[in-house]
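If you want the building blocks of each chain, they are given just below.
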Amino acid sequence: MNIPSSERLEKVYGEGIKSAERFRALAEQFKEKYGHDEAEFFTAPGRTEIIGNHTDHNGGKVIAGSIDLDTIGAALPNNSNVIRITSEGYDKEIVVDLDALESVVKGSGTVALLAGMMEGTQKFGFQVSGFDAYVSTNVIAAAGVSSSASFEMLVCTIINHFFNDGVMSCADYAKIGKYSENVYWNKASGMMDQMACAVGGPVLFDFANGSQPDYRPLAFSFEKKGYRLVIVNTGKGHADLSEEYSGIPNEMKEAAKALGVELLCETDLDSLLAHVNEISNDRAVLRAIHFFEENRRVDEMAAAIEKEDIDTVLKLVKESGTSSWELLQNCYSLQDCKEQKITTTLALTELFLKGIGDGVCRVHGGGFAGVIMCLVPLAETDNYVRYIAQYVGESNVYPMNIRAVGAVRI
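Residues numbered from 1 in each chain as written. Predicted model: local features only at pLDDT ≥ 70, side-chain atom pairs only at ≥ 80, totals over all residues. Heavy atoms only, no water.

Tell me what's going on with the overall build of the protein, and back it up with residues and numbers.
Check the secondary structure of the protein and you find twelve helices and twelve strands. Computed over the C-alpha atoms, the radius of gyration of the protein is 21 Å, within 12% of the 22 Å expected from 2.2 N^0.38 for a compact globule of 410 residues. Viewed in the frame of its principal axes, the protein has a C-alpha envelope of about 60 × 50 × 40 Å. Per-residue burial for the protein yields a buried fraction of 56% across its 410 residues. Contacts in the protein between residues far apart in sequence, at least 24 positions, make up 73% of those at least 6 positions apart. Accessible surface, the protein: about 17,400 Å² in total, of which carbon and sulfur atoms supply 47%. Taking the average location of the 37 positive side-chain charges in the protein and that of its 57 negative ones, the two points are 2 Å from each other. (Helix = DSSP H or I, 4+ residues; strand = E, 2+ residues; numbered from the N terminus. Rg over C-alpha atoms; globule rule 2.2 N^0.38 Å. Buried < 20%, exposed > 50% of the residue type's maximum accessible area, 1.4 Å probe, protein only. Contact = heavy atoms within 4.5 Å. Areas by Shrake-Rupley, 256 points an atom, 1.4 Å probe, with all protein chains shown as cover. Lys, Arg positive; Asp, Glu negative; His and termini not counted. Charge placed at Lys NZ, Arg CZ, Asp CG, Glu CD.)

Which residues make up the nonpolar core, and what are the values?
The biggest cluster of nonpolar side chains holds 38 residues, and the ones touching the most others in it are Ile85, Leu114, Met118, Phe131, Met153 and Val155. Only β1 (40–51), β3 (82–87), β4 (94–97), α3 (110–123), β5 (131–137), α4 (147–163), α5 (170–184) and α6 (192–199) provide two or more residues apiece to this core. Here this core takes ten residues from α4, the largest share from any one element. Residue contacts for Leu114: discarding those within four places in its chain leaves Ile83, Ile85, Ile94, Val96 and Val155. Counting 29 residues, the second-largest nonpolar core is a separate cluster that includes Ile67, Leu69, Met301 and Ile305. (Core = buried A, V, L, I, M, F, W, Y, C linked by side-chain atoms within 4.5 Å.)

So what's going on with the environment of Ser136? Residues and values would help.
Along the chain, the position of Ser136 falls in strand β5. Classification of Ser136 by relative accessible area gives buried; the value is 10%. Between the alpha carbons of Ser136 and Val105 there is a distance of 25 Å; along the sequence they are 31 residues apart. Every residue in contact with Ser136, bar those within four places of it in the chain, is listed here: Arg22, Leu26, Asp70, Thr71, Ile72 and Glu88. A distance of 2.4 Å separates polar atoms of two side chains, one belonging to Ser136 and the other to Glu88. (Polar contact = N/O pair within 3.5 Å; in protein donor to acceptor, adjacent residues only side chain to side chain.)

Explain the packing of helix α9 (residues 282–306) against helix α10 (residues 310–328) to me, using residue names and the numbers behind them.
To describe two helices that pack against each other, one gives the angle between their axes and the distance between the axes. Where α9 contacts α10, the two axes come as close as 10 Å, and the packing angle between them is 170°. With respect to α10, the element α9 is oriented roughly antiparallel. Each of Leu286, Arg287, Ile289, His290, Glu294, Arg297, Glu300, Met301, Ala304 and Ile305 in α9 lies in contact with α10, whose residues at this interface are Thr312, Val313, Leu316, Val317, Glu319, Ser320, Ser323, Ser324, Leu327 and Leu328. (Axes fitted to C-alpha atoms, helices over the stretch in contact; angles between N-to-C directions. Parallel < 35°, antiparallel > 145°, perpendicular 65-115°, else oblique.)

Describe the pattern of salt bridges, with residues and values.
What the rule picks out here adds up to 20 salt bridges. Here Arg84 and Asp132 are joined by a salt bridge, their closest N and O atoms 2.7 Å apart. Here Arg84, found in strand β3, pairs with Asp132, found in strand β5; they are 48 residues apart in sequence, far enough to count as distant. Taking relative accessible area as the criterion, Asp132 reaches 1% and is therefore assigned buried. (Salt bridge = Lys/Arg side-chain N within 4 Å of Asp/Glu carboxyl O.)

Tell me about α9, and name the residues and values.
Compared with the 36 Å implied by 1.5 Å per residue over 25 residues, the 37 Å span of α9 between its first and last C-alpha is a close match. Where α9 begins, one side-chain oxygen reaches toward the backbone nitrogen of Arg283, 3.0 Å away; that side chain belongs to Asn281. Of the residues trailing α9, Glu308 is marked for its positive phi of about 55°. (Expected span 1.5 Å × (residues − 1).)

Any details on the packing of aromatic side chains? Residues and values, ideally.
Between two aromatic rings, the relevant description is the distance of the centres plus the angle of the planes. Enumeration over the complete set of coordinates arrives at 15 aromatic pairs. Ring geometry for Phe42 against Phe162: centres 5.7 Å apart, planes inclined by 75°, an arrangement best described as edge-to-face. Taken together, the residues span a long stretch of sequence, with Phe42 in strand β1 and Phe162 in helix α4 at a distance of 120 residues. For the pair shown, Phe42 and Phe162 are each scored as buried. Taken together, the ring pairs in this structure connect Phe42, Phe131, Phe162 and Phe163 into an aromatic cluster. (Phe/Tyr/Trp six-rings, centres within 6.5 Å; stacked < 30°, edge-to-face > 60°.)

So what's going on with the side chain of Asp172? Which residues, and what values?
With respect to the helices, strands and loops of the structure, Asp172 is situated in helix α5. A relative accessible area of 11% places Asp172 in the buried class. Among the polar contacts listed, one links the side chain of Asp172 to the backbone nitrogen of Ser169, at a separation of 2.9 Å. When residues no more than four places from it in sequence are discounted, the contact partners of Asp172 are Phe126 and Val167.

A description of the pairing of β5 should follow, citing residues and the corresponding values.
Summarising burial for β5: six of the seven residues are buried, a large majority. Direction of pairing for strand β2 (residues 61–77) relative to β5: antiparallel, over a ladder of seven bridges. Among the inter-strand pairings, Ile72 is bridged to a residue of β5, identified as Ser136. Relative to β5, β3 runs parallel, the two being bridged by four bridges. In the strand pairing of β5, Thr86 is matched with Tyr134. (Pairing = 2+ DSSP bridges.)

Would you mind going over α5 in detail, with residue names and values included?
Between its first and last C-alpha atoms α5 spans 21 Å; for 15 residues at 1.5 Å apiece the expected length is 21 Å, and the two agree. Burial within α5 is extensive, with eleven of its 15 residues counted as buried. After α5 finishes, the residue Asn186 shows a positive phi value of roughly 55°.

Mind laying out the environment of Ala288, listing which residues take part and the relevant values?
As for its position among the elements, Ala288 is in helix α9. Residues Ala288 and Leu327 lie 39 residues apart in sequence; the distance between their C-alpha atoms is 8.5 Å. Residues contacting Ala288, with those up to four places away along its chain left out, are Ala255, Leu264 and Leu272.

If you want it as structure tokens, here you go:
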């Protein structure tokens, strides 16, 4: 069974040796599981959110980028109406019968996510059919770098290639993923995670146009400016966070409704300030202020990136993180306010950064539990990794880079 060429692998991963070994193992597992002598190969990265925390679901702006952790898959149509997916490390095969989607229990894990995607694909006018796939991932699970969106975008790339002649866009992928999470997972997510995984590279997104977000690539590299992006998994919280995640968009929409609109992108900060006393939910007001100020910061960062002004970029990342902590309030769960892994890890990181006099950190992704992001001077990266590993474990510290390629067939 042929694996992707070195040229293709180098385009995605910047090297062709370790990645070739990974795809060779994937091909062998696919053949052993499903008996196919050939396969097509696919990849979809995780994502990092640089700035624009929890704004996409209200039509806001985000700068995000795909990362060099990804989900890969070997797949082939199976001439049936049944989708069969095996994920490395999991004994139970994911099986979805396209003729019986209504029988899948919503909220029932990955099988529900897959069924929701297939329903969404057909609702949005695209074709689906049965296929076999073996997938493997090194995207950190349940930790704010969008392991679920990475899987979703991999599946979308597979069905686009096999059944839709490549006509599906990144926005189509994102709509399908959002539909599944909203309807089959009861998670009020927007489209940012999916879009960032699908597009690739650092990207400026504007979600004011709803299901057709505007986006443009940004020519930027933290490494070229002397900094390394480090993602730290602080540990998974013990609470079910779905209600708290959903509370953010819902409360922002509550504030918007008080201003006579559906989403905050349809109004502005001045209008909010004129109606503060009419909104009884104080946290909704704070989260709305975060939305408007975060949009401003995104615009300022896009301008700073174009000027290659790294000092302003770092300043804005820090301001954004402070706003997430104080106004958005997604750094710990109110279900168990004594468990504060994110805020503790941020505090420990701030002590390190203060000691070296450089770098910034912030909550990353959905928040409440999981991950922080840190931008550390290249010369201090190893020191920071050793320092923070004392508290979270070395296996939970991930120095990484932004990768230029999104969800694609290799």
